Amino acid sequence: MMLALLFVGSASMLADDLFPGDPEHKYQNYKRLVGKVLLNGEELTSEAVIAAYAGDELRGKKSPDDENMVWLQLWGDDHVVPIHFKVYTGGRIIEVDQGLKYTPYNDYGSYDNPYLINLTTVTTNTSAEGWATTCLPFNGAVPDGVTVYAAKSIEGGVVKIEPVSCSILPNNTPVLLKTETQASYEWLSRVADGDATIVTNLFKGTTEATDVGARSVLTLGHATDGNKAIGFWLFNGTTIPANRAYLEKPAEGVRGYALDWTDEVITGIESINMNGDSANASPKSGDKQYARGYDLLGRSQTGKSHLMIINGKKIMVR
């Protein structure tokens, strides 16, 4: 019994830290929500904390019981207000708005027919060079270490991409992603407007597996011949997985497009001289320096006598 009390106490303190506020002392009325929380279809346990909000105001918080049931009091008055949820689980907070409204008349769910709070996440795995695409079914918080790009134009056999500044990627927005190294990133939903400003974006996207004709679209990958350049090439499959971006099929006879990017995309490119000093500059003929940049596949390169991307330009270093 003592261990149980200690656990409940620690969960209560965690809820107070994560979701501060005391609606019980602000409102005299409440309605009960009897439900369960599902994360990608799996029930959450008593380690989770569920908080209900009206705008930025806390209206109730609770952890599931030993049967994974949530007995949540939604505090309020005589006004009808929209309610959304924030759920702490596994060290992160996931949000969802299911269109629930607090009313002074209705309870929600029962033990035999619980109200379901459905949470989803999307995981993106980048390639060895750090590239991937995504298209989310929710407004998602951009993970740390991920840079987002839109397809600006297609010119001269390449697709030109430009960076998109945002902290929350809007739902149904297909984009290209870049990370420093190969990694796996989790996108968490947010109940907030996406803050990405994209004037032009040629990418199309999927939020669920989508059937296509063979060689009818272009998907991210390496060219099958030549220098194996990273880009968007004819897709030989017939199903595009969920949460992917792609390009529509080009004119007949075109296999696809290599990636090209503007100056803003490549950052941290430096030239290194023999004394170890660094400066943001392209290498000059005759200089005793080693240039550090990216090759045409997006891989970091250091040394002499190779083709690199420096400040967004293709330069042969000798």
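Structure's up top.
All values reported here derive from a predicted model rather than from experimental measurement. (Residues numbered from 1 in each chain as written. Predicted model: local features only at pLDDT ≥ 70, side-chain atom pairs only at ≥ 80, totals over all residues. Heavy atoms only, no water.)

### Side note on the layout of surface pockets
Cut-off, in case you're wondering: Here a cavity denotes a set of grid points, spaced 1 Å apart and computed over the protein atoms alone, in which a 1.4 Å probe fits but from which it cannot get out, and a pocket denotes an open set meeting protein on both sides within 12 Å along at least five of seven lines; residues with an atom within 4 Å of a point are reported as lining. Grid points are joined across faces, edges and corners, and a volume is the space filled by probe spheres set on the points. Secondary structure elements are taken from DSSP: a helix is a run of H or I of four residues or more, a strand is a run of E of two residues or more, and numbering for both begins at the N terminus. In this classification, the charged set is Asp, Glu, Lys and Arg, the nonpolar set is Ala, Val, Leu, Ile, Met, Phe, Trp, Tyr, Cys and Pro, and all remaining amino acids, among them Gly, are polar.
Put simply, the second largest pocket is a space of about 300 Å³. Around the second largest pocket, the lining is made up of 18 residues, and of these Asn125, Ala132, Thr133, Leu220 and Arg244 lie nearest the centre. Going through the elements one at a time, β9 (121-125), β10 (131-134), β19 (217-222) and β22 (244-248) are the ones with two or more residues in the lining of the second largest pocket. When grouped by side-chain class, the residues that make up the lining of the second largest pocket number nine nonpolar, eight polar and one charged.

### Structural notes on unusual backbone geometry
Operational definition: Buried means the residue's accessible area, taken with a 1.4 Å probe over protein chains only, is under 20% of the maximum for its type, while exposed means over 50%, and partly exposed covers the values in between.
Of note in the backbone geometry, Asn68 takes a positive phi value of approximately 65° without being a glycine. Looking at the secondary structure, you find Asn68 in the loop between β4 (57-62) and β5 (70-76). Relative accessible area serves as the criterion here: at 17%, Asn68 is assigned to the buried category. One non-glycine residue, Asn172, lies in positive phi territory at about 60°.

### Quick word on the environment of Ser63
By the element assignment, Ser63 lies in the loop between β4 and β5. Accessibility expressed as a relative area gives 19% for Ser63, which makes it buried.

### Describing the side chain of Thr133
Convention followed: Polar contact is defined as a pair of N or O atoms within 3.5 Å, subject to the rule that within protein one atom must be able to donate a hydrogen and the other to accept it, and that residues adjacent in sequence are counted only when both atoms are side-chain atoms. In this description, contact between two residues means that some pair of their heavy atoms is separated by no more than 4.5 Å.
Tracing the sequence through the fold places Thr133 in strand β10. A relative accessible area of 8% places Thr133 in the buried class. Side-chain polar atoms of Thr133 contact the backbone nitrogen of Ala245, separated by 3.0 Å. The residues touching Thr133, leaving out its near neighbours within four places in the chain, are Thr124, Val175, Leu176, Leu177, Leu220, Phe232, Asn243, Arg244 and Ala245.

### Brief notes about the nonpolar core
To be explicit about the condition: Nonpolar core, defined: a set of buried Ala, Val, Leu, Ile, Met, Phe, Trp, Tyr and Cys residues in which side-chain atoms within 4.5 Å join the residues together.
The biggest cluster of nonpolar side chains holds 24 residues, and the ones touching the most others in it are Ile50, Phe85 and Leu119. At the level of secondary structure, the elements contributing two or more residues to this core comprise β1 (29-39), β3 (49-54), β5, β6 (81-89), β7 (92-102) and β8 (115-119). Beyond its immediate stretch of four places on either side in the chain, Leu119 contacts Val37, Leu38, Leu39, Asn40, Leu44, Val87, Ile94 and Val96. Formed by 16 residues, the second largest nonpolar core is a distinct cluster that contains Trp131, Tyr149, Phe232 and Leu234.

### Points about the pattern of salt bridges
We count it as follows: When a carboxyl oxygen of Asp or Glu is within 4 Å of a side-chain nitrogen of Lys or Arg, the pair counts as a salt bridge.
In this structure the tally under the stated criterion is eight salt bridges. For the salt bridge of Lys26 with Glu57, the shortest nitrogen-to-oxygen distance reads 2.4 Å. Residue Lys26 is located in the loop between α1 (2-18) and β1, and its partner Glu57 is located in strand β4; the two are separated by 31 residues in the primary sequence. Residue class for Glu57 comes out partly exposed when judged on its relative accessible area of 22%.

### Brief notes about the sheet that holds β7
Two strands in a sheet stick together by hydrogen bonds in their backbones, pointing the same way (parallel) or opposite ways (antiparallel). Counted only if it meets this: For two strands to be treated as a pair, DSSP must find at least two bridges joining them. Axes here mean lines fitted to C-alpha atoms, for a helix over just the part in contact, with angles spanning 0 to 180 degrees between N-to-C directions.
The strand order across the open sheet built from four strands is β4-β3-β6-β7, with neighbouring strands paired in antiparallel fashion. The two strands at the open ends of the sheet, each matched to only one other strand, are β4 and β7. With strand direction ignored, the average angle separating the axes of adjacent strands in the sheet is 25°. Here five bridges tie β3 to β6, and the two strands are oriented antiparallel to one another. When the bridges of β6 are listed, Ile50 appears paired with Val87.

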